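What follows is each chain in one-letter form.
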Amino acid sequence: MNKYSKEDILRLAKEEDVEFIRLQFTDIFGMLKNVAVTCRQLERALDHRCMFDGSSIEGFVRDDETDMYLYPDLDTFEIFPWRPQQGKVARLICDVHRPGGAPFEGDPRYVLKKVLKQAKDMGYDFYVGPECEFFLFHLNDEGLPTTVTHEKAGYFDVGPLDLAENVRRDIVLNLEDMGFEMEASHHEIAPAQHEIDFHYDKGLKTADNIMTFKMAVKVIAKRHGLHATFMPKPKEGVNGSGMHINLSLFDENGRNVLEDQKDTNGYGLSKTAYRFMSGILNHMDGMTLLTNPLVNSYKRLVPGYDAPIYKAWTPSASKSCVLRIPTSRGENTRIELRSPDSAMNPYLAFAVILAAGLDGMNHPPQLSEPVKGNIYRMAEEERKAKGFQQIPNTLGEAIEAYEADPFIRRVLGEHIYSKYLEAKKEEWYQFRAQITNWEINQYLYKY
């Protein structure tokens, strides 16, 4: 990570001919926002004197509490490589503060920082590695997105079957120019579906990187005449897009505390790992509203499309469990959470996942036996006998689970908890009031 001072930023902006700086922040629903200033206003922004109307951002504050101030994180300064090289455009990711200087409790980045500090106080650094999936579709004649694609490629296909090789290449090269360590990119299972992976990093850095990644993918796709979407399930009958996240914990000496070669169970996992997984599974239902935040998220979480729906863990490649231990062991030991999708707010999702894992460390692990087969293929009686329960399978069920777990409220704080719940209840109500084509086709001629 870069380590910049205020003077470094001012010098770099001048040397690199930066004309505009985007002061970016994220709302509680994971939408990237920004206030753009010219280079002449940069020093003012670095002195925390740039404010915006918080009442205009959904879920932030009331009309009588409008003024919010942006505090740039100097280490996030990056120049957008896809913008003009004369009069360049740069960005700084910001924390949101109240007029008196106190952190704004409705800022998702602040929530994650609090939980990361809790982990640090316990002697742990939290690392996350995401696997980001998305679709590339055509635009219509008005420039609006569609779900149309001419492509018929599948898993790991290459050109000419894969029509978007050059798009992915462009995305990867631009992100590398912004300091990302890119690991792999490939075509995914569904036509027009893609995955690009970048190197794991500390929790806050990875959350920032996910927001940057999604922005870059959308911008570069549009330059190629395409629309990139992180919608979890844009087309029926094919796989949806998830964002598997690989979780690691390291102690103050840089040792991976999830691994233990002397594990009597034979999985190479430490007691810390078992407790961490137990905590996540214990709060899985309540956090699902955050890891899978849309009505559409639950169209992906159905059997038959490689998406997990069971609160269980596996040391194998089973795709039916929400938790999996990848094959790598030793220093590469990690826990893969497979249920989240890219519509999530990474700051809030990481905060509750980490907090749940830390909570598990305060209790003896309550894990079921690891799954060594495919739960989908088990008879219903066998699943019940082994205690394999499903995570919420609609937004409505996720709302109920969110409300039923007071732990989630404590992690998020009253402001975000209540604003988020209010918005999701309205989303669920709006969806339930819709009449779909499926209903018309099924019922109109019968009844």
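Our structure's up above, just so we're on the same page.
Residues numbered from 1 in each chain as written. Predicted model: local features only at pLDDT ≥ 70, side-chain atom pairs only at ≥ 80, totals over all residues. Heavy atoms only, no water.

Caption draft 1: The arrangement of the overall build of the chain in detail. Summing up its helical and strand segments, the chain has 14 helices and 15 strands in all. In terms of overall dimensions, the chain is globule-like: its C-alpha atoms have a radius of gyration of 22 Å, near the 22 Å expected for 447 residues. Along the first, second and third principal axes, the C-alpha set of the chain runs to 70 × 60 × 50 Å. Considering only intrachain contacts with a sequence separation of at least 6, the fraction spanning at least 24 residues in the chain is 69%. When the accessible area of the chain is evaluated, it comes to approximately 20,700 Å², of which 48% is carbon and sulfur surface. (Helix = DSSP H or I, 4+ residues; strand = E, 2+ residues; numbered from the N terminus. Rg over C-alpha atoms; globule rule 2.2 N^0.38 Å. Contact = heavy atoms within 4.5 Å. Areas by Shrake-Rupley, 256 points an atom, 1.4 Å probe, with all protein chains shown as cover.)

Caption draft 2: Representation of the packing of helix α3 (residues 108–121) against helix α5 (residues 203–223) in the model. Two elements in contact, α3 and α5, have axes whose closest approach is 10 Å; the angle formed by their N-to-C orientations is 155 degrees. Here α3 is positioned roughly antiparallel relative to α5, judged by the angle of their axes. Between α3 and α5 lies a crossing of right-handed hand. Only Gly203, Leu204, Ala207 and Asp208 of α5 make contact with α3, whose side of the interface consists of Arg109, Leu112, Lys113 and Leu116. Along the lines of polarity and charge, the residues of the contact of α3 with α5 split into four nonpolar, one polar and three charged. (Axes fitted to C-alpha atoms, helices over the stretch in contact; angles between N-to-C directions. Parallel < 35°, antiparallel > 145°, perpendicular 65-115°, else oblique. Left-handed = near helix turned anticlockwise from the far one by under 90°. Nonpolar A, V, L, I, M, F, W, Y, C, P; charged D, E, K, R; others polar.)

Caption draft 3: Quick look at the packing of aromatic side chains. Counted by the stated rule, this structure contains 20 aromatic pairs. Relative to Phe250, the ring of Tyr127 lies with its centre 5.1 Å away and its plane at 75 degrees, an arrangement referred to as edge-to-face. With a gap of 123 residues between them, Tyr127 in strand β7 (residues 125–138) and Phe250 in strand β12 (residues 243–250) connect regions that are remote in the sequence. Here Phe198 and Phe213 contribute two aromatic rings whose centre-to-centre distance is 5.6 Å and whose plane-to-plane angle is 45 degrees, an arrangement assigned as tilted. Residue Phe198 is found in strand β9 (residues 193–198), and its partner Phe213 is found in helix α5; the two are separated by 15 residues along the sequence. Judged on exposure class, the residue Phe198 and its partner Phe213 are both buried. (Phe/Tyr/Trp six-rings, centres within 6.5 Å; stacked < 30°, edge-to-face > 60°. Buried < 20%, exposed > 50% of the residue type's maximum accessible area, 1.4 Å probe, protein only.)

Caption draft 4: Inspection of α5 at higher detail. With 21 residues, α5 ought to run about 30 Å at 1.5 Å a step, and its terminal C-alpha atoms sit 30 Å apart, in line with that. Most of α5 sits inside the fold, with 16 of its 21 residues counted as buried. Backbone geometry just downstream of α5 places Gly225 in the positive-phi region, at approximately 75 degrees. (Expected span 1.5 Å × (residues − 1).)

Caption draft 5: Focus on the pattern of salt bridges. The final tally for this structure, using the stated rule, is 23 salt bridges. A salt bridge links Asp125 to Lys120; the nearest nitrogen and oxygen atoms lie 3.0 Å apart. Classification of Lys120 by relative accessible area gives partly exposed; the value is 41%. In this structure, Glu336 and Arg324 form a salt bridge, with 2.7 Å as the shortest nitrogen-oxygen distance. Within this pair, whereas Glu336 is found in strand β15 (residues 335–337), its partner Arg324 is found in strand β14 (residues 321–324), the two being separated by twelve residues in sequence. Both residues of the pair, Glu336 and Arg324, belong to the buried class. In this structure, a network of salt bridges that share partners links the residues Asp73, Asp95, Arg109, Lys113 and Asp208. (Salt bridge = Lys/Arg side-chain N within 4 Å of Asp/Glu carboxyl O.)

Caption draft 6: Quick peek at unusual backbone geometry. In this chain, Gly159 is followed by Pro160 through a cis amide linkage whose omega measures 5 degrees. Along the polypeptide, Pro160 turns up in the loop between β7 and α4 (165–177). A positive phi angle is found at Asp17, which is not glycine, with a value near 60 degrees. Of note in this structure, Asp306 is not a glycine but carries a positive phi near 65 degrees. Its location among the elements puts Asp306 in the loop between α8 (297–300) and β13 (310–314). For Asp306, a relative accessible area of 31% translates into the label partly exposed.

Caption draft 7: Quick look at the side chain of Asp359. For Asp359, the location among the structural elements is in helix α9 (residues 346–360). Those residues in contact with Asp359 that lie beyond four places of it in its chain are His283 and Phe407.

Caption draft 8: Representation of the environment of Tyr447 within the structure. Along the polypeptide, Tyr447 turns up in the segment after α14 (437–443). Along the chain, Tyr447 and Asn265 lie 182 residues apart, while their C-alpha atoms are 58 Å from each other.

Caption draft 9: The arrangement of the nonpolar core in detail. Counting 103 residues, the largest nonpolar core has Phe213, Leu247 and Leu412 as the members making the most contacts within it. A per-element tally of this core places α9 first, with eleven residues. For Leu247, the contacting residues outside a window of four places in its chain are Phe126, Tyr127, Val128, Leu258, Phe276, Ile280, Arg334, Ile335, Leu337 and Ile353. (Core = buried A, V, L, I, M, F, W, Y, C linked by side-chain atoms within 4.5 Å.)

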